[in-house]
Amino acid sequence: MWVRVILLAFALAGLGATPDAAEAREKSAKDQALYEKALKDCTSPRRANRAWPQVNYKAGTYRCVESKTR
């Protein structure tokens with residue numbers, strides 16, 4: 001019984017810890033546009049299946065980081 005309660009607590013805590021929605025509200029329009037451009041480029045067919053953007057908002061640049069696992 002306690003195991004279920006503990007697992008439920010961790011699951012609910014994990015739902016609140018998703019930063020994407022919170023970050024989207026805090027970003028300026030310029031930063032959001034840069035993130036969307038980076039995401040579109042990094043998930044394009046010419047990249048590996050598991051590439052994600054690493055964005056440097058201060059410099060206005062990004063790079064696509066590819067997973068080393070297969």
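A brief look at the structure comes next. No experiment lies behind these values; they were computed from the predicted model shown.

All right, on to the overall build of the chain then. Across its full length, the chain holds 3 helices and 2 strands. Listing the helices and strands of the chain from first to last along the sequence gives α-α-α-β-β. Residues classed as buried in the chain amount to 16% of the 70 residues present. Partitioning the intrachain contacts of the chain with sequence separation of at least 6 by distance along the chain shows that 14% fall at a separation of at least 24. Summing over all exposed atoms, the chain offers an accessible surface of approximately 6,300 Å²; the carbon and sulfur share of this is 59%.

Take the environment of Leu34 next. Structurally, the position occupied by Leu34 is in helix α3 (residues 29-42). For Leu34, a relative accessible area of 14% corresponds to the buried category. Remark: the alpha-carbon pair of Leu34 and Gly60, spanning 26 residues in sequence, is separated by 7.2 Å. The contacts of Leu34, once residues within four sequence positions are left out, are Val55, Asn56, Tyr57, Gly60, Thr61 and Tyr62.

Attention shifts here to the pairing of strand β2 (residues 61-66). Note that strand β1 (residues 51-56) and β2 share 6 bridges and pair antiparallel. By the bridge assignment, Pro53 is partnered in β2 with Cys64. Following β1, the chain reverses through 4 residues before pairing antiparallel with β2; Gly60 in that reversal takes a positive phi of roughly 75°.

Cut-offs and rules
- Residues numbered from 1 in each chain as written.
- Predicted model: local features only at pLDDT ≥ 70, side-chain atom pairs only at ≥ 80, totals over all residues.
- Heavy atoms only, no water.
- Helix = DSSP H or I, 4+ residues; strand = E, 2+ residues; numbered from the N terminus.
- Buried < 20%, exposed > 50% of the residue type's maximum accessible area, 1.4 Å probe, protein only.
- Contact = heavy atoms within 4.5 Å.
- Areas by Shrake-Rupley, 256 points an atom, 1.4 Å probe, with all protein chains shown as cover.
- Pairing = 2+ DSSP bridges.

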